[in-house]
Every structure is written in C-alpha cells, then in structure tokens.
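Here is how the chains run, residue by residue.
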Amino acid sequence: MRSLLKAPLLLLASMATMLSPVAGEDMLVSNSLNNCQDDSSFTASLFNVVYTPNNNSATVEVVATSSVQGYVLFDLAISAYGYTFLRKTVDPCEMKLGGLCPMVAGKIPFAFNLPVPADAAKQIPGIAYSIPDLDATVRVQINLTKTDNPRSIACVEADISNGKTVDLLGVKWATAIIAGLALISSAVVNGLGHSNTAAHVAANSLSLFGYFQGQAILGLTGVHLPPIVQSWTQDFQWSMGIIRVGFMQTIFTWYQRATGGTPSTIFDTLTTVSVQVEKRGLDFTGHGLSLFRRGAAMMPRPIVA
C-alpha cells in the first residue's frame, strides 16, 4: 500500500518545485521603512528602493516626513543573517538631494537614481540574489551635525528582498492534494474490505494533517521568525481554513457596502503608501499579569491554627 502512495506523492512534490517562479533579472528590493528609535523625527509613508547590479544603480522613491531642520549625516549599516558586512557614512549634500541638504521640516518627496560603485557592488555576495526570503536589513542612523547639540534624531531600517520566496502556490496545492489523496485512499481501501489497513492509512493521514496545522499555527504566533520560516508557514495556512476565495471577497465587500460600511482601500494605494504586515505585539502582557496578580491576591487562603 505504501508503494502505491509513494509514486503520486513524489510526482506532486516534483511538480511543486517546477511551479516555482522563473529567475529573472538579479535585483534587491525594499518596500517599507521602519523606525528603530523612540521619538524618531524622520518617518516615511512611501519607500521604494530597487537595486539592479547589472547597471550598478539603485532607484529610490521616498515620501518622508521630518520634524527637524539642519544638516545631517546618514550612517549606513547593511547586515545579512545578523552579520554586518558594510558600514558607510553618506552626506546628502554631496549627493545634492533636495530637502535633505539641509533637512527641512515637513513633507519631503524625492526620487532619484543612485549610482553604485563597482567596488561596493562586489561586496554583495552572489548568493544574495538567489537564496529565497533573504534575511538582510539596511539600518540608517540619521545624525544632526553643524549644531551646538549634535545628536541622533532618527533611526530607520528597511528589510531587503530579492523577490524569491518559498511561499509558492504550487506547494500549497501539492500539500492539499497529498492530504486529500491520503484520506480518499483510506476510504477506498476500507470499501474494498481492508478495514485494518484503512485505519492505519487514515491515522497517518490525520497525523500529516496535524503536522500541516502545527506549521501554520507556528506562523500565527507572536514570536519573531526568520523570513524564510514565515514564508514556509504560509504554505500551510490552508489547513487552518485561511484560504482566499475571489467570489467570497466580492460578496463580503458587497455586504459591507450594502449595510453602510466602507471597505478598506489600503491595498489599492500601494503605489503611494508603503504597507507592512506585522504581527500583533505583546504590549498588553503587563496589564494581564497585573490583573492575574490582583485576582490571586483576592483568593481565599487556608487558616493555619
């Protein structure tokens, strides 16, 4: 029985790998800018950076908001998998960036092409363009200079991606078909009169389905996970019933509008606003712990004679 199931499972696994996206032009992309300092005086509502090593240039499109004025320097640090391999100080005045030399308060939109020297491009390992779900970060410390009180006014960081991921539609279909075939095969074997074999196949298929759900639940937790692990857990979300169905989305939107609601348009404004998906934090853990302590203090205690 195992030999009968092994062939289609291997076929589905090979088909899933064939459905992965075809590699195109090498590039590094970042679409969101996060604050890494409290009371940051520099934020960005739009941040799109694309670096292509073939022409040694980076296309930058940013809409930033600043609350300080003065001359600044950018301390740039690029790290991959926890290892910082490049540090550089950038002067926006040397690059002649409008609105940043000096930095002015208010909304600062700017877009430009940044030439990248060949020696700097050589410091980027070739594996950065091929490994899926790259775990790389660019951190920029913005320091106020030419003032009586030089200080750090902001810290921003951006995650870098090469466009390749293990979150593949083919893998989702393959795992779903494998789980479905296992259950169907147990029903067929049971119909043929082999109830003991069918029970073993059903138990193993349910164990496999439980493994799929365990992977999906891991991705739903509030624990920080590497990007490749986050994408891996996305392949099993279907086992938790998290499935995108187009006609259901249309029905939900119609119902929302029919009852006076306003559907969100955040994903329709990705060209003007950068959107980052984050997990819910644990900000209220302290309040819950305080409530537990008060409840425990009010519990009756035994009287010792």
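An unreviewed UniProt entry lists the protein under the name ML-like domain-containing protein, with Photinus pyralis as the source organism. In its Subcellular location (unreviewed entry) section, the UniProt entry covering the protein states "Membrane". Check the Sequence similarities (unreviewed entry) section of the UniProt entry for the protein; it says "Belongs to the transient receptor potential (TRP) ion channel family."

## Some words on the pattern of salt bridges
One pass over the structure, following the stated rule, counts 2 salt bridges. Between Arg139 and Glu157 there is a salt bridge whose closest N-O contact spans 2.9 Å. Placement of the pair is Arg139 in strand 8 (residues 136-145) and Glu157 in strand 9 (residues 151-160), with a sequence separation of 18 residues. Taking relative accessible area as the criterion, Glu157 reaches 19% and is therefore assigned buried. Its salt-bridge partner being Lys172, residue Asp167 comes within 3.2 Å of it at the nearest N-O pair. Here Asp167 falls in the partly exposed class, since its relative accessible area comes to 27%. On the accessibility criterion, Lys172 (26% relative accessible area) is partly exposed.

## Quick notes on the packing of aromatic side chains
The tally for this structure, following the rule as stated, stands at 6 aromatic pairs. A ring pair is formed by Phe212 and Phe236, whose centres lie 5.2 Å apart and whose planes are at 25°; its orientation type is stacked. With Phe212 in helix 4 (residues 195-220) and Phe236 in the loop between helix 5 (227-234) and helix 6 (246-258), the pair connects residues that are 24 residues apart, well separated along the chain. Each member of the pair Phe212 and Phe236 is classed as buried. Judged by centre distance (4.9 Å) and plane angle (70°), the ring pair of Trp232 and Phe236 falls under edge-to-face. An aromatic cluster is present here, built from Phe209, Tyr211, Phe212, Trp232, Phe236 and Trp238 joined pairwise through their rings. Above the ring of Tyr71, the side-chain terminus of Lys146 is found at 4.6 Å from the ring centroid.

## Details of helix 4
Under the 1.5 Å per step criterion, the end-to-end length of helix 4 is 37 Å for 26 residues, consistent within 8% with the ideal 38 Å. Regarding helix 4, the residues found buried are Ala198, Val201, Ser205, Phe212, Gln215, Ala216 and Gly219. The secondary structure elements touched by the buried residues of helix 4 are helix 3 (169-191) and helix 5.

## Looking at the state of the cysteines
Per the counting criterion, the structure on display carries 2 disulfides. Residue pairing for Cys36: its cysteine sulfur links by disulfide to Cys155, the two sulfurs lying 1.9 Å apart. The S-S bond linking Cys36 to Cys155 shows a torsion near -90°; that makes this disulfide left-handed. With a gap of 119 residues between them, Cys36 in the loop between strand 2 (34-35) and strand 3 (42-52) and Cys155 in strand 9 connect regions that are remote in the sequence. The class for Cys155 is buried, based on a relative accessible area of 2%. The disulfide that involves Cys93 links it to Cys101, with 1.9 Å between the sulfurs. Given an S-S torsion of about 100°, the disulfide between Cys93 and Cys101 has right-handed geometry. Overall, Cys93 belongs to the partly exposed group, its relative accessible area being 25%.

## Considering the pairing of strand 6 (residues 83-90)
Note that strand 5 (residues 71-80) and strand 6 share 7 bridges and pair antiparallel. Its bridge partner lying in strand 6, Ser79 is registered against Thr84. What sits between the antiparallel neighbours strand 5 and strand 6 is a turn of 2 residues, in which Tyr81 has the positive phi angle 55°.

## Describing the packing of helix 3 against helix 4
Put simply, helix 3 and helix 4 touch, their axes get as near as 8 Å, and they point 160° apart. When the axis of helix 3 is compared with that of helix 4, the two are roughly antiparallel. Considering only the axes of helix 3 and helix 4, their crossing is left-handed. Residue-level inspection shows Thr175, Ile178, Ala179, Ala182, Leu183, Ser185, Ser186, Val189 and Asn190 of helix 3 in contact with helix 4, the latter providing Ser195, Thr197, Ala198, Val201, Ala202, Ser205, Leu206, Leu208, Phe209 and Phe212. In terms of residue class, the contact of helix 3 with helix 4 is made up of 12 nonpolar, 7 polar and no charged.

## A few points about the sheet that holds strand 3
Spatially, 4 strands are ordered 1-3-4-7 in an open sheet, and the strand pairing comes out antiparallel. The sheet is open, and its two edges are formed by strand 1 (28-30) and strand 7 (106-115), each paired on a single side. Shown here is a sheet whose adjacent strand axes are inclined to one another by a mean of 10°, direction ignored. In the sheet, strand 4 (residues 57-66) pairs with strand 7 via 10 bridges, with the strands oriented antiparallel. Among the inter-strand pairings, Glu61 is bridged to a residue of strand 7, identified as Ala111.

Conventions adopted
- Sequence positions are assigned chain by chain, starting from 1 and proceeding in written order.
- This being a predicted model, a pLDDT of at least 70 is required before a residue's local features are given, and a value of 80 or more before pairs of side-chain atoms are given or counted; all residues contribute to the totals for chains, interfaces and linings.
- Derived side-chain values reflect all non-hydrogen atoms in the structure, with water molecules and hydrogen atoms excluded from consideration.
- UniProt positions are given in the numbering used here, feature names are shortened, and annotations may be inferred rather than shown by experiment.
- The term salt bridge refers to a pairing of a side-chain nitrogen on Lys or Arg with a carboxyl oxygen on Asp or Glu at a separation within 4 Å.
- Secondary structure elements are defined from DSSP: runs of H or I of at least 4 residues count as helices, runs of E of at least 2 residues count as strands, and each element is numbered from the N terminus.
- Only protein chains enter the accessibility calculation, which uses a 1.4 Å probe; a residue whose area is less than 20% of its type maximum is buried, one above 50% is exposed, and one in between is partly exposed.
- When the centres of two rings from Phe, Tyr and Trp lie within 6.5 Å, Trp using its six-membered ring, the rings pair. Their planes under 30 degrees apart give stacked, over 60 give edge-to-face, and anything left gives tilted.
- Lysine NZ or arginine CZ positioned within 6 Å of the ring centre and within 35 degrees of the ring normal marks a charge as sitting over the ring.
- Working rule for helices: expected span equals 1.5 Å times residues minus one.
- The contact rule is simple, with two residues in contact once any of their heavy atoms fall within 4.5 Å.
- Disulfide: a pair of cysteine sulfur atoms within 2.5 Å of each other.
- Two strands make a pair as long as DSSP finds a minimum of two bridges between them.
- To get an axis, fit a line to the C-alpha atoms, keeping to the stretch in contact for a helix; angles then go from 0 to 180 degrees between the N-to-C directions.
- Angle categories: roughly parallel below 35 degrees, roughly antiparallel above 145, roughly perpendicular from 65 to 115, and oblique for all the rest.
- In a left-handed crossing the near helix is turned counterclockwise from the far helix by less than a right angle, and in a right-handed crossing that turn is clockwise.
- By the convention adopted, Pro, Cys, Tyr, Trp, Phe, Met, Ile, Leu, Val and Ala count as nonpolar, Lys, Arg, Asp and Glu as charged, and the other residues, Gly among them, as polar.

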